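Descriptive analysis of the structure
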Amino acid sequence: MGEQRSRVVVGVALAVGLALGAVACSSDGGSASDKGASATTAGTATTVARSGSSCFWSDPVTVDANNTQYPDSGAAYWYSGYTLPEGASLRVTGAYPHARYASFNAYGPDPETGVAGVPVDALADVAIAPDDGSTNPFEVGADRTASARDYTVRVVARDVPGAGADRVDNLLYGGGADQQLIYRVYVPDEGRDLLGDAGVPQVEVELADGTVLDGDEACAALDVTTTIDTEGLPSIDETAYRSLVALGDPATHPAFDPVEWHAFFNTRHALLSTFYAHTDQEAALADVDATKVGGFYSNADNAYVVAAVNRGLGPDPNGHNLLVLTGTAPSTPATQDGEATMADGDLRYWSLCQNESPVTTRVSGCLHDEQVPVDDEGRYTIVLGLPEDRPDNAVDDCGVAWLDWGPGDGVSRPEAGTLLLRNLLPSADFHQAIQRIEAPGDEAAVLGDHLPEGTYTTPDDFADRGCPAG
């Protein structure tokens, strides 16, 4: 491939990489020396009506309400953007939800572009000390049914302490005065609402002179907005996407059989590692920065691996193939049935989602850990395919979790898709989490049998496995 063609490909790749990072994972924004970049900006803003229970928070943002930016169907979040007056701080009070996980993530503007959503700091549920007389139900061994479950968090306009410096308990460092705050809740207990029956956290603002404001007065002083403005976030158009697909077999690139997983380090690397694999451009990956950097509105507690998939790779020439994934599930605490005690686990949560493409950033469907049956050795089988191709043994009773393939890449290839595997909050002694991957290419060595193996087969061949379908 000639030098001019190579520069164009790198530029197009950077555009897609920026889109991926703005979505969920990590971003370094690429290099100013890249030529031919065709990044565009999204043409709409995500407008979320203010919640009736608080002028500070948006209504819940979920897959059903806002299917964009590769969401996880196990999660919901509440957003607020505001400006802290000089010398002021927020006092956030709430109750720990009856759920698997909750957190506060603070974001600020990109110093170069001014685009909001750059990660600044985060507090996971287990890092939030309870008020006197209350219980933190997320601590291992805690009573998840405790009625006294209150906490208090402060948010300030200060930078996160440097390495080795002590943090102040229950203090979220928001950086500058212009801040965005996201409150997340994952997998509420069965029968609970999206907030785990805890309501939205309440917010007061303490001004520099000691005056405390709440309710509408606080929102006015903070100039609160609950509109998530995505117009400044880089995106990718269909032309750039098709150019990247054309680096390999246009029908199936960048998917392969067996499935190949790539860890997210930053946006540019995430994109290039996927689309350059097994092409004339693959050697260039050695010079691509693989520094881990958080992306726009990413959850600091999550880490990801991604795989391009395509059911056109299987033995059926018409694409009526199934993708069969097998692996060992990391242990996680069971909570969905309202278990009374918080158990330990390798991770707090994991999920697998089938998505479309960087052009649409829509999710087609997800499975989280408690929705995936495992055998006595902790092994699972997940099958993806078209609903009409689902064999009778691709059911929980046969030890199989089913995930609909979805509409494809949302552009022009119904056989294509993008798998995203999430790991949330690994325990300190679990060394096979995605968070432990330090270098590209180490995915299999680090995750071992926790990295899913995937290959394609026909519905008839899978049906022949019987029940159980191991």
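Refer to the structure above for everything that follows.
Residues numbered from 1 in each chain as written. Predicted model: local features only at pLDDT ≥ 70, side-chain atom pairs only at ≥ 80, totals over all residues. Heavy atoms only, no water.

What about the pattern of salt bridges?
According to the stated counting rule, one finds 12 salt bridges in the structure shown. Here the residues in one salt-bridge network are Arg100, Asp369 and Glu370, joined through shared partners. (Salt bridge = Lys/Arg side-chain N within 4 Å of Asp/Glu carboxyl O.)

Quick look at the environment of Tyr173
Relative to the helices and strands, Tyr173 resides in strand 8 (residues 171-173). Under the relative-accessibility criterion, Tyr173 is labelled buried at 2%. Beyond its immediate chain neighbours, meaning those up to four positions away, Tyr173 contacts Ala106, Val120, Asp121, Val156, Arg158, Asp159, Val160, Pro161, Arg167 and Val168. Here Val168 takes part through its backbone nitrogen, which lies 3.0 Å from a polar atom of the side chain of Tyr173. (Helix = DSSP H or I, 4+ residues; strand = E, 2+ residues; numbered from the N terminus. Buried < 20%, exposed > 50% of the residue type's maximum accessible area, 1.4 Å probe, protein only. Contact = heavy atoms within 4.5 Å. Polar contact = N/O pair within 3.5 Å; in protein donor to acceptor, adjacent residues only side chain to side chain.)

Section: the sheet that holds strand 16 (residues 322-328)
Taken together, the 4 strands give an open sheet; going across it, the order is 20-19-16-22, and neighbouring strands pair in mixed fashion. Both outer strands of the open sheet, strand 20 (401-404) and strand 22 (453-457), are each paired with one neighbouring strand and no more. Sheet twist, expressed as the mean angle between neighbouring strand axes with direction ignored, is 25 degrees. Bridging between strand 16 and strand 22 involves 5 bridges; their strand directions are antiparallel. Residue pairing in the sheet places Leu322 in a bridge with Thr457 of strand 22. (Pairing = 2+ DSSP bridges. Axes fitted to C-alpha atoms, helices over the stretch in contact; angles between N-to-C directions.)

Points about unusual backbone geometry
For the bond running from His253 to Pro254, omega is 5 degrees, close enough to zero to count as cis. Looking at where Pro254 falls in the secondary structure, it is placed in the loop between helix 3 (238-245) and strand 14 (262-263). A cis geometry characterises the amide bond from Asp257 onward to Pro258, with omega recorded as 5 degrees. Within the secondary structure, Pro258 is located in the loop between helix 3 and strand 14. At Leu425, a position not held by glycine, the phi torsion is positive, near 45 degrees. Within the secondary structure, Leu425 is located in the loop between strand 21 (416-424) and helix 5 (443-447).

Some remarks on the packing of aromatic side chains
Inspection of the entire model under this criterion finds 15 aromatic pairs. Where Tyr186 meets Tyr349, the ring centres are 5.0 Å apart and the plane angle is 90 degrees; that geometry is what we call edge-to-face. Here Tyr186, found in strand 9 (residues 178-188), pairs with Tyr349, found in strand 17 (residues 349-355); they are 163 residues apart in sequence, far enough to count as distant. Grouping aromatic residues by their ring pairs yields a cluster made of Phe56, Trp57, Trp78, Tyr82, Tyr96, Phe104, Phe138, Tyr151 and Tyr183. (Phe/Tyr/Trp six-rings, centres within 6.5 Å; stacked < 30°, edge-to-face > 60°.)

Considering the sheet that holds strand 6 (residues 118-124)
Note: strands within a sheet are paired through backbone hydrogen bonds, in either parallel or antiparallel orientation. Overall, antiparallel pairing links the 4 strands, which are arranged 3-9-5-6 in an open sheet. Of all strands in the sheet, those bounded by a partner on one side alone are strand 3 (75-83) and strand 6. Neighbour-to-neighbour, the strand axes of the sheet open up by a mean angle of 20 degrees, direction not taken into account. As defined by bridge partners, strand 3 adjoins strand 9 across 9 bridges and the pair is classed as antiparallel. Bridging from a neighbouring strand, Tyr77 pairs with Arg184 of strand 9.

Re empty space enclosed by the protein
For the structure shown, the criterion picks out 6 cavities of 30 Å³ or more. Space inside the second largest cavity adds up to approximately 180 Å³. Around the second largest cavity, the lining comprises 22 residues; the ones closest to its centre are Pro254, Phe275, Ala308, Pro358 and Thr418. At the level of secondary structure, the elements contributing two or more residues to the lining of the second largest cavity comprise helix 4 (267-275), strand 15 (302-310) and strand 21. (1 Å grid on protein atoms, 1.4 Å probe; cavity = no way out; pocket = protein on both sides within 12 Å on 5 of 7 lines; lining within 4 Å. Points joined across faces, edges and corners; volume = space filled by probe spheres on them.)

Brief notes about the state of the cysteines
Disulfides are covalent bonds that link the sulfur atoms of two cysteine residues. On inspection of all chains with the given rule, the structure shows 3 disulfides. The residue that forms a disulfide with Cys353 is Cys366, at a sulfur-sulfur distance of 2.0 Å. Between Cys353 and Cys366 the disulfide shows an S-S torsion of about 110 degrees. By sign, it is right-handed. Pair noted here: Cys353 is in strand 17 and Cys366 is in strand 18 (residues 363-368), with a separation of 13 residues, a long-range link. Cys353 gets classed as buried once you look at its relative accessible area, which sits at 0%. With its sulfur 2.0 Å from that of its partner, Cys398 forms a disulfide with Cys467. The S-S bond linking Cys398 to Cys467 shows a torsion near -105 degrees; that makes this disulfide left-handed. (Disulfide = S-S within 2.5 Å.)

Some points on the nonpolar core
Core analysis: the largest hydrophobic core is formed by 35 residues, its most contacted members being Phe56, Trp57, Tyr82, Leu90, Phe104 and Tyr183. With 4 residues, the top contributor of residues to this core is strand 5 (residues 99-108). Among residues more than four places away in sequence, those in contact with Leu90 are Phe56, Tyr82, Leu84, Val153, Arg154, Val155, Val203, Glu204, Val205 and Leu222. Formed by 33 residues, the second largest nonpolar core is a distinct cluster that contains Tyr380, Leu403, Trp405 and Leu419. (Core = buried A, V, L, I, M, F, W, Y, C linked by side-chain atoms within 4.5 Å.)

Considerations on the environment of Phe256
With respect to the secondary-structure elements, Phe256 resides in the loop between helix 3 and strand 14. Measuring from C-alpha to C-alpha, the distance between Phe256 and Arg311 comes to 9.9 Å, with 55 residues separating the pair along the chain.

Focus: helix 4
In terms of burial, helix 4 is a largely internal element, 9 of the 9 residues being buried. Considered for burial, the residues of helix 4 that qualify are Thr267, Arg268, His269, Ala270, Leu271, Leu272, Ser273, Thr274 and Phe275.

Overview of helix 2 (residues 215-222)
Among the residues of helix 2, those classed as buried are Ala218, Cys219 and Leu222. For helix 2, the buried positions fall inside an angular range of 95 degrees around the axis, keeping them on one side. Turned more than 90 degrees away from the buried face of helix 2 sit Asp216, Glu217 and Ala220, all of them exposed. Where helix 2 ends, the next residue or the one after it, Asp223, has phi of about 50 degrees, a positive value. (Arc of directions from axis to C-beta.)

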